[in-house]
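# Inside the fold
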Amino acid sequence: MAIRKYKGIAPQIDMQAWVDDNAVVIGRCKLAKDVGIWPNATLRGDVNDIEIGEGSNIQDGAVVHTTHESDMSNGSKCIVGKHVTVGHNAVLHGCIIEDECLIGMGAVVLDNAVVEKHVLVAANALVPPGKVLQSGYLYVGSPVKQARPLSEKELAFFRYSAEHYIKLKNEYAEQEEA
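Residues numbered from 1 in each chain as written. Predicted model: local features only at pLDDT ≥ 70, side-chain atom pairs only at ≥ 80, totals over all residues. Heavy atoms only, no water.

In the nomenclature of an unreviewed UniProt entry, the protein chain is known as Gamma carbonic anhydrase family protein of Thiomicrorhabdus sediminis.

Written out as structure tokens, the structure is:
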């Protein structure tokens, strides 16, 4: 795995988090307990903070980055809450993803967007800068539009997905130790 310092700042990774050997985690990144970072995911905390909450997973090829502070901008951190699943090849850039969400494969969430708790962002969706996605809905399209309320089964899936990925990352970690 490529865990690297940037300007002397090393990522803070909980002992129970797992980072695949082919993932990259740089600089101002905090990974909480039971976080899973999958192959070819990149978390580049060079210009601002990245925080990944307990039990969340960043899947293969996903990119997590931020915006720097300048005269033009206050900058934007990237904060991912607890028990979030971020699908393959998704891009999170300077946004906030609250607890128990699913960000679909290939989705892009841009600066200062807020994805409230219990939101499903469809595959290949685009969440524009500053957009707030209201809790309890499916969002689709580019740019995203609220499609419909989520069912109870879909709401339960958020926690199921996160727990599945915790189990899977534990299996990978145990295999690596053997």
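## Points about the overall build of the protein chain
For the protein chain, the helix and strand inventory stands at one helix and 20 strands. Taking 2.2 N^0.38 as the reference for a compact globule, 178 residues should give roughly 16 Å; the C-alpha atoms of the protein chain span a radius of gyration of 15 Å, in line with that estimate. Counting only C-alpha atoms, the protein chain reaches 45 × 45 × 20 Å along its principal axes. Burial analysis of the protein chain (178 residues in total) assigns 44% to the buried set. Expressed as a percentage of contacts within the protein chain between residues at least 6 apart in sequence, the contacts between residues at least 24 apart total 22%. A total accessible area of about 8,800 Å² is found for the protein chain, and carbon and sulfur atoms account for 51% of it. Charge centroids of the protein chain, computed over 17 positive and 23 negative side chains, lie 3 Å from each other. (Helix = DSSP H or I, 4+ residues; strand = E, 2+ residues; numbered from the N terminus. Rg over C-alpha atoms; globule rule 2.2 N^0.38 Å. Buried < 20%, exposed > 50% of the residue type's maximum accessible area, 1.4 Å probe, protein only. Contact = heavy atoms within 4.5 Å. Areas by Shrake-Rupley, 256 points an atom, 1.4 Å probe, with all protein chains shown as cover. Lys, Arg positive; Asp, Glu negative; His and termini not counted. Charge placed at Lys NZ, Arg CZ, Asp CG, Glu CD.)

## Some points on the nonpolar core
Where a protein is soluble and globular, its nonpolar side chains tend to be buried together. Judged by nonpolar contacts, the single largest core of 36 residues is most densely connected at Leu43, Leu92, Ile97 and Ile103. Put simply, the parts of the chain that give this core at least two residues each are strand 4 (24–31), strand 6 (42–52) and strand 9 (78–80). Residue contacts for Leu43: discarding those within four places in its chain leaves Val24, Val25, Ile26, Cys29, Leu31, Ile37, Ile50, Ile52, Ile58 and Val64. Counting six residues, the second largest nonpolar core, distinct from the first, contains Leu120, Ala122, Leu138 and Leu150. (Core = buried A, V, L, I, M, F, W, Y, C linked by side-chain atoms within 4.5 Å.)

## Some details on helix 1 (residues 152–177)
End to end, helix 1 covers 38 Å across 26 residues, agreeing with the expected 38 Å (1.5 Å per residue, within 8%). In helix 1, a bend of some 25° at Phe158 exceeds every other bend along the element. If you check which residues of helix 1 are buried, you get Phe158, Ser161, Ala162, Tyr165, Ile166, Lys169 and Ala173. Of the surrounding secondary structure, the elements contacted by the buried residues of helix 1 are strand 3 (18–19), strand 7 (57–58), strand 10 (85–86), strand 13 (102–103) and strand 16 (120–121). (Expected span 1.5 Å × (residues − 1). Bend = angle between axes of the 7 residues up to and from the residue.)

## Remarks on the packing of aromatic side chains
Any aromatic ring pair is given by two values, namely how distant the centres are and how the planes are angled relative to each other. Applying the stated rule across the entire model yields five aromatic pairs. With a centroid separation of 5.1 Å and an interplanar angle of 90°, the aromatic rings of Trp38 and Tyr172 are classed as edge-to-face. With a gap of 134 residues between them, Trp38 in the loop between strand 5 (36–37) and strand 6 and Tyr172 in helix 1 connect regions that are remote in the sequence. Trp38 sits in the buried class, given a relative accessible area of 5%. Exposure remark for Tyr172: the relative accessible area of 36% places this residue in the partly exposed category. Following the ring pairs from residue to residue traces out a cluster consisting of Trp18, Trp38, Tyr165 and Tyr172. (Phe/Tyr/Trp six-rings, centres within 6.5 Å; stacked < 30°, edge-to-face > 60°.)

## Here's the deal with the sheet that holds strand 19 (residues 137–140)
For sheets, the rule is that strands pair by backbone hydrogen bonds, running either parallel or antiparallel. Spatial strand order, 3-5-7-10-13-16-19-20: eight strands in an open sheet with mixed pairing. Every interior strand has two partners, whereas the edge strands, strand 3 and strand 20 (145–149), have only one. With two bridges joining them, strand 10 and strand 13 adopt parallel strand pairing. Its bridge partner being in strand 13, Val86 is matched across the sheet by Ile103. (Pairing = 2+ DSSP bridges.)

## Details of the environment of Ser135
One can find Ser135 in the loop between strand 18 (132–133) and strand 19. Placed 17 residues apart in sequence, Ser135 and His118 show a C-alpha to C-alpha distance of 5.3 Å. In this structure Ser135 touches Glu116, Lys117, His118 and Val119, once residues within four positions along its chain are discounted. At 2.5 Å, the side chain of Ser135 and the backbone oxygen of Lys117 are in polar contact. (Polar contact = N/O pair within 3.5 Å; in protein donor to acceptor, adjacent residues only side chain to side chain.)

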